[in-house]
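# Inside the fold
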Amino acid sequence: MDDCLFCRIVNKEIGSEIVEESANSIAFRDINPQAPVHLLIVPKEHITSLRELNEDKCDILSDIFRMINDIAVSEGIDQSGYRVVVNTGEEAGQEVGHVHFHLLGGRFMKWPPG
Ligand code: 5GP
Ligand code: ZN
């Protein structure tokens, strides 16, 4: 999608610090990190939100979670702990309409989230 920020990052029209890339997915550092480790893992296909990640998209979902766990190891947070967040829809604070998985770690976190 031409006017989608994360499609433009996937297509390398907008620069980002890419950490890992597969056939289906890409992981890059968040521009405004909320923790020492804060990456976004996104499918290359334009999928608007978690609502559209249905059973037809199982391959994408498993690839994303494989990537999340790989990156947790390479970023050194697999043992200390990490959080995966998918904001979905307005009340949850989704700002970019291309589904993305936040991977956060490297500090103690509070619960419940704000
Ligand atoms: P959301 O609020 O939709 O769950 O998260 C969107 C995330 O995208 C935010 O954490 C924000 O900092 C990040 N973001 C917004 N624009 C850019 C950008 O141009 N590059 C990168 N790397 N991250 C971005
Ligand atoms: Zn997109």
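Not measured: the values here are computed from a predicted model. For every chain, the first residue of the written sequence is number 1, and numbering continues from 1 along that sequence. Key to labels: chains lettered from A, ligands numbered from 1, both in the order written. It should be noted that, the model being predicted, local features are given only for residues of pLDDT at least 70 and side-chain atom pairs only at 80 or more, the latter also being counted only at that level, while totals for whole chains, interfaces and linings use all residues. The side-chain quantities take in all heavy atoms of the structure and omit both hydrogens and water.

## Digging into the pattern of salt bridges
Any carboxyl oxygen of Asp or Glu that lies within 4 Å of a side-chain nitrogen of Lys or Arg is treated as forming a salt bridge with it. Counted under the stated rule, the structure contains 10 salt bridges. Between Lys 44 and Glu 21 there is a salt bridge, and its shortest N-O distance comes to 2.9 Å. Residue Lys 44 is located in the loop between strand S3 (37-43) and helix H2 (58-74), and its partner Glu 21 is located in strand S1 (residues 18-21); the two are separated by 23 residues in the primary sequence. Burial classes follow relative accessibility: with a 1.4 Å probe on protein chains only, a residue under 20% of its type's maximum area counts as buried, one over 50% as exposed, and anything between as partly exposed. For Lys 44, a relative accessible area of 26% puts it in the partly exposed group. With relative accessibility at 39%, the residue Glu 21 sits in the partly exposed group. Three or more residues are tied together by salt bridges with common partners; here these are Glu 20, Asp 63, Arg 66 and Asp 70. Secondary structure elements are taken from DSSP: a helix is a run of H or I of four residues or more, a strand is a run of E of two residues or more, and numbering for both begins at the N terminus.

## Side note on the coordination of the zinc ion (ligand 2)
Donor selection uses N, O and S atoms within 2.8 Å of the metal (3.2 Å for Na, K and Ca). Since no water is included, sites may look incomplete. Within the protein, the atoms that donate to the zinc ion (ligand 2) are Cys 4 (SG), Cys 7 (SG), His 46 (ND1) and His 98 (ND1), at distances of 2.1 to 2.3 Å. Note that the zinc ion (ligand 2) binds four donor atoms; their angles at the metal cover 106 to 116°, and the shape is tetrahedral. Counting the intervening residues between successive donors of the zinc ion (ligand 2) yields the motif C-x2-C-x38-H-x51-H. In this pair, Cys 4 sits in the segment before helix H1 (5-10) while His 46 sits in the loop between S3 and H2, placing the two residues 42 residues apart along the sequence. The buried category is assigned to Cys 4, whose relative accessible area is 5%. According to the relative accessible area criterion, His 46 is partly exposed, its value standing at 23%. Square planar and octahedral assignments, for four and six donors respectively, both demand that opposite donors be over 155 degrees apart and that all other angles lie between 65 and 115; tetrahedral needs four donors with all angles between 85 and 135 degrees, and anything else is irregular.

## Quick word on the site of ligand 1
Looking at ligand 1, there are 16 residues lining it, with Asp 30, Asn 87, Glu 95, His 100 and His 102 nearest. Whenever two N or O atoms come within 3.5 Å, that pair is a polar contact, provided that in protein one can donate a hydrogen and the other can accept it, and provided that, for residues adjacent in sequence, both atoms are side-chain atoms. At 3.3 Å from a nitrogen atom of ligand 1 is found a main-chain nitrogen or oxygen belonging to Ile 31. A distance of 2.6 Å separates an oxygen atom of ligand 1 from a polar atom in the backbone of Glu 95. For the area figures, the Shrake-Rupley method with a 1.4 Å probe applies, and any residue is considered shielded solely by the protein chains shown. In the complex, 83% of the free accessible area of ligand 1, which totals 520 Å², lies under the protein chains. Going through the elements one at a time, H1 and strand S2 (25-29) are the ones with two or more residues in the shell around ligand 1. Residues are labelled near a given molecule or strand when at least one of their non-hydrogen atoms is within 4 Å of it.

## Thoughts on a nonpolar patch on the surface
Note on patches: the residues involved have over 30% relative accessible area and no salt bridge, like charges join within 9 Å, and the nonpolar side chains Val, Leu, Ile, Met, Phe, Trp and Tyr join within 5 Å. Residues Phe 65, Tyr 82 and Val 84 make up a contiguous nonpolar surface patch of about 230 Å² in total accessible area. Examined against the element boundaries, Tyr 82 turns out to sit in strand S4 (residues 82-85). A relative accessible area of 32% places Tyr 82 in the partly exposed class.

## Here's the deal with the environment of Thr 48
Tracing the backbone through its elements, the reader meets Thr 48 in the loop between S3 and H2. The partly exposed category is assigned to Thr 48, whose relative accessible area is 36%. Sequence separation of Thr 48 and Gly 105 is 57 residues, and the distance between their C-alpha atoms is 25 Å. Contacts are assigned to residue pairs that have any heavy atoms within 4.5 Å of one another. In contact with Thr 48, other than residues within four places in its own chain, are Gln 94, Gly 97, His 98 and Val 99.

By themselves, these figures tell us nothing about what the structure is for.
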